[in-house]
Every structure is written in C-alpha cells, then in structure tokens.
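# Chain and residue survey
For reference, the chains in residue letters:
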Amino acid sequence: MTERWLYSWALGAVAFGGASLLVPLYVVQLGGTAVDLGVLAATAALVAAPGAIVFGRLGNRVDQRRPLVLGTLAVVAGVLAAIPLVDSVTAVIVANAVLWLTVSSIPPVLTMLVVDDAPESAWTERIGRLNKYQGYGWAGGLVLGTVWPFLGSRLLAPGAVTPALFWVLAGCAGVGVLGAVGSLPRPDPTQHVTSERRIRKIARTLSNSRRGVKGATFAFSPNRLYWTTRTIHPRRLLARLDRALALYLFAAVCFFTGFAAFWAPLPLFFTGIEFDSGQIFALYLASSVASAVLYEGAGRLASRIDVRLLQSGALAVRGLLFPAVALVGGIGVVTVELGVAGVGLAAIGATWAIIAVVGTAIVTRLAPPSVRGEVLGVHTALGAVAGGVGGILGGWAATFGYTVAFGVAGGLVLVGAGLVFALRFVGETPPRPVAEGDPVTSRVESAETAVPSGGQD
C-alpha cells in the first residue's frame, strides 16, 4: 500500500476535525440554545451507528469501493460549503446529521481497502498507518480552528471569518477528492474479506489499536461497531452474560451517557464566558492531545494495578472534574479562566486515556472466550446509544444552568465509577492486571492518533 492516497485522506480528516467543533460554534453564533446543541450532538451520534453498519455491508457487496470513499469526501466538501449559507439552526442540525452520517459510514470501507490485498500479518501495520494519517489530519483541523480567528480577522471582514473557515475546510475535502482519484488502492474483488475468521481478526485488531486525538471527546467508534457486530448471535450472547459482565455494561451506559452530557453544551458555556472560537478550539485540542500522548503510559499502568481500581479511579476523577469546569466562569478574568479551563480540559483528556485502555481490558477479561468479540461489539454499541441520550440530556439539563448540567454529567460518571469498583465484590475471577505486551491492550505504535466518530479508530 503506497502512502500517496493517505495524504489525500488526511486532508479530508482535516475537514472532519475542524467541523467537529466549528459546526457547534456556528449554531451558537446563530443564537442556538443548549438544547439545540444537545440535539445537534445526539443526532450526529445516533446516525453514526446505522450509517456504519449499512455502508459497511454495502461496501462488502460491491466490487469497487473507491467510489464510496470519493463520494464521502465530495459530500463532506459540499455540506461544509453549504452550511455558512444558511441561517437556520434547524437546517444546520440537519446538515450536520448528513455530514456525520457520511463521515461515520466510510471507516469500515476504508478498513476493507487497506486489508483486502494484504497478508493478515500486515493488517495491524496498515490499519495503524491509516489511523496515523487520519489522526494527524483530525488534529490539524483543530489546530487550524485555533489559529484561524487570528489569521482571518486580519485578512477578512469580521462577519466573513467563520464562513471562510467552513470554505477552507470544504476546500481541504475537495482537494482530497482530487488527490484520491488517482491514488486510492484498487484491490482485486476476489480478495475481499468475507470469511468469519478474517472478520474476527479485523475486529480484534481494531479493538487492540490505540485511540488518539479524537478519542477524548468522541468515545464512540463506528468502525469498531461494524466489525465487532458482524458475527453477533443474540441468544448465545444472552446465555453467556453473567452478573459481573452485565454490571460492567450497565456502568458503561452510565459513564458514556455522562460523557456526552458534558460535551454537548460545553461550546455554549465557553462562548458565554467570552472565549473566542480559537480559544475554544485550543481547549479541545489540549484535551485531545493529553489523551493521545498518555495512552502508552496508561497501558503500562494497567500492567501494575487492578484494572477495576484503575478505571473506577479515573472515572471518579473525571466525574469530579466535570462540575468543576462550571466554576471557571466565576473567576472573572478571561486569561485566568482560559488557563484554568486548559488545565481542566487536559486533565479530563488524560482520564480518558486510562478509561479507554482499561475498558477494553475489563470487557475482554469478563467476557467468555466464545462470545468475546460479540461483547466488545455490544460495548461499542452501548457507547453509541449513550452518546445520543447523553447529548439530549446535557442540553436539557443546561437550561437549568451549567452547574446543573455538568453536575448531572459528573454524577452519572461517578455512578459508573461506583459500579466498576463494585466488580471487586461480584464474581469469583476478577480481571487480572494487564501484562505489558498483552494482546488485549498492546498498542500499535504507528497508530498514535485516530479519528472521529466518523473516523477509523
């Protein structure tokens, strides 16, 4: 697999990363409420799961997958170019749903493209390389959003700064289309991945690959969802679901819902304390980068400490940090507020590194070997549903005040922390600490960063 087409896809990822925060900020600029932001986040989360499953199955049935990838980049370019031309919050919410339906649908097809003509021994390397380029692109979109207000305000009229950023991101996706036309892989249709054994291997590879820049704010991975649910047999799964595993999955619903409830109204909160769009992009970037750079350390830590204690502790810290963010607005000095918020968001991102690494380990240890892949799929699916519910909940709770909203979010995470801690008292075989090099949590070195809820991850 040559790397030339990966540069084109990375340009598309720049558009995804920038749009992930630019669209919510545009809704705020149009006068959108916290409820509007909750609906925006919820619709994006809820369309992602079926989109990935349907598009993945479509990609598995066609001889040529290249048009699906090119079509994704073209739709992203068109939607981003059109959004600044509308001034209706409802229209932006619909456009955003189309955007993330498209972006979230393509990762399974990309995975097929990179593994179809490769020996199984090369799959981890290829997926890791794809993740790296996508992750750098996603981070690049956040960096662009951080510096754009400074650059744009010097080159453009005030009212043109935000629309121009949309068009720059659309241009990135458009250039990605042009570059990908001649460089996308052309695997032989006879080499398509169809056997259940190979599907399970891809699912394991994705579950073991490290998350990255995107993961701090978008916990759900449509790519993992598609591959880990391909072989689910509900009756067999229910028959093997014991108390400890059921308790952990319920805990996951609680804390994933809390995560989404926190992130949904956050852009409006930061705007309300007079942070500009560049500063808000910088805060999200700080959270995401802190998460990405700590994954390796989180894996080593998990080799020495009971994973139930480790994750419950990280969840408890995150649950306390969520409502603490609401206190930033009472400081009164913008520069100090920005510094405190940056430290807080970076700490929140750091907790996600532990939660993500250890979560996969706990599920893998608790699940019987015969249904392990299916349980990982259920775990991912619960994250998708909880993301939708949490977005609505966070937006609604913010109508009573951000202290209430972030308190509700933190409370749900603390409940999840308590349930994870309770695993110590449920079941006879506790999940052991994860050994370094363990296939459950070993991380692909080249996959330093992964992408969005529309990303490879």
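Up top is the structure.
Quick notes on the rules
- Residues numbered from 1 in each chain as written.
- Predicted model: local features only at pLDDT ≥ 70, side-chain atom pairs only at ≥ 80, totals over all residues.
- Heavy atoms only, no water.
- Helix = DSSP H or I, 4+ residues; strand = E, 2+ residues; numbered from the N terminus.
- Buried < 20%, exposed > 50% of the residue type's maximum accessible area, 1.4 Å probe, protein only.
- Areas by Shrake-Rupley, 256 points an atom, 1.4 Å probe, with all protein chains shown as cover.
- 1 Å grid on protein atoms, 1.4 Å probe; cavity = no way out; pocket = protein on both sides within 12 Å on 5 of 7 lines; lining within 4 Å.
- Points joined across faces, edges and corners; volume = space filled by probe spheres on them.
- Nonpolar A, V, L, I, M, F, W, Y, C, P; charged D, E, K, R; others polar.
- Phe/Tyr/Trp six-rings, centres within 6.5 Å; stacked < 30°, edge-to-face > 60°.
- Lys NZ or Arg CZ within 6 Å of the ring centre and 35° of its normal.
- Salt bridge = Lys/Arg side-chain N within 4 Å of Asp/Glu carboxyl O.
- Axes fitted to C-alpha atoms, helices over the stretch in contact; angles between N-to-C directions.
- Parallel < 35°, antiparallel > 145°, perpendicular 65-115°, else oblique.
- Left-handed = near helix turned anticlockwise from the far one by under 90°.
- Contact = heavy atoms within 4.5 Å.
- Expected span 1.5 Å × (residues − 1).
- Patch = residues over 30% accessible without salt bridge, like charges linked within 9 Å, V, L, I, M, F, W, Y side chains within 5 Å.

## Details of the overall build of the protein chain
Each helix and strand in the protein chain was counted, giving 17 helices and zero strands. Per-residue burial over the protein chain gives 59% buried out of 457 residues. Accessible area of the protein chain: about 16500 Å², with a carbon and sulfur share of 66%.

## Side note on the layout of surface pockets
Its volume calculated, the second largest pocket comes out at about 270 Å³. Lining the second largest pocket are 19 residues, and of these Leu25, Gln29, Thr162, Asp276 and Ser277 sit closest to its centre. Here the element with the most residues in the lining of the second largest pocket is helix α1 (residues 4-29); it accounts for five residues. Here the lining of the second largest pocket is built from residues that sort into 13 nonpolar, five polar and one charged.

## Looking at helix α5 (residues 107-115)
Across the nine residues of α5, nine count as buried, placing the element largely inside the fold. Along α5, the residues that are buried comprise Pro107, Pro108, Val109, Leu110, Thr111, Met112, Leu113, Val114 and Val115.

## Description of the packing of aromatic side chains
By the definition in use, this model includes 21 aromatic pairs. A ring pair is formed by Trp9 and Phe16, whose centres lie 5.6 Å apart and whose planes are at 65°; its orientation type is edge-to-face. Each member of the pair, Trp9 as well as Phe16, carries the same accessibility label: buried. On the basis of an interplanar angle of 55° and a centroid distance of 5.1 Å, the ring pair of Phe262 and Phe406 is categorised as tilted. With a gap of 144 residues between them, Phe262 in helix α11 (residues 243-263) and Phe406 in helix α17 (residues 402-422) connect regions that are remote in the sequence. By the burial criterion, Phe262 is buried, and Phe406 matches it. Stacked on the ring of Phe259, the Lys or Arg Arg318 has its end atom at 4.5 Å from the ring centre.

## Quick look at the pattern of salt bridges
Under the counting rule described, the total for this entry stands at two salt bridges. The partner of Asp306 in a salt bridge is Arg308, and the shortest N-O contact between them spans 2.5 Å. Across this residue pair, the class does not change: Asp306 and Arg308 are buried. Residue Arg424 is joined to Asp306 by a salt bridge in which the shortest nitrogen-to-oxygen separation is 3.4 Å. Residue Arg424 is found in the segment after α17, and its partner Asp306 is found in the loop between α13 (277-302) and α14 (307-325); the two are separated by 118 residues along the sequence.

## What about the packing of α11 against helix α15 (residues 334-366)?
Two numbers describe how α11 lies on α15: the axes approach to 12 Å, and their chain directions differ by 160°. One finds that α11 runs roughly antiparallel with respect to α15. Where α11 crosses over α15, the two elements pack in a sense that is left-handed. Across the interface between the two elements, Ala244, Leu245, Tyr248, Phe255, Phe256, Phe259, Phe262 and Trp263 of α11 pack against Leu345, Ile348, Trp352, Ile355, Gly359, Ile362, Val363 and Leu366 of α15. Among the residues making up the contact of α11 with α15, the classes are represented as 15 nonpolar, one polar and no charged.

## Things to note about the side chain of Ser183
Tracing the sequence through the fold places Ser183 in the loop between α7 (161-181) and α8 (196-208). Judged by its relative accessible area of 8%, Ser183 falls in the buried class. Among residues more than four places away in sequence, those in contact with Ser183 are Arg4, Trp5 and Ser8.

## Structural notes on unusual backbone geometry
One non-glycine residue, Glu274, adopts positive backbone phi at about 70°. Here Glu274 lies in the loop between α12 (266-272) and α13.

## Quick word on helix α3 (residues 66-82)
Residues spaced three or four apart along an α-helix face the same direction, because each turn holds 3.6 residues. The end-to-end C-alpha separation of α3 is 25 Å, in line with the 24 Å expected for 17 residues at 1.5 Å each. Taken as a whole, α3 has its buried residues at Arg66, Leu68, Val69, Leu70, Thr72, Leu73, Val76, Ala77, Val79 and Leu80.

## A word on a nonpolar patch on the surface
A surface patch of nonpolar side chains, about 430 Å² in accessible area, is lined by Leu301, Ile305, Leu309, Phe421 and Phe425. Tracing the backbone through its elements, the reader meets Leu309 in helix α14. Judged by relative accessible area, Leu309 falls into the partly exposed class, the value being 33%.

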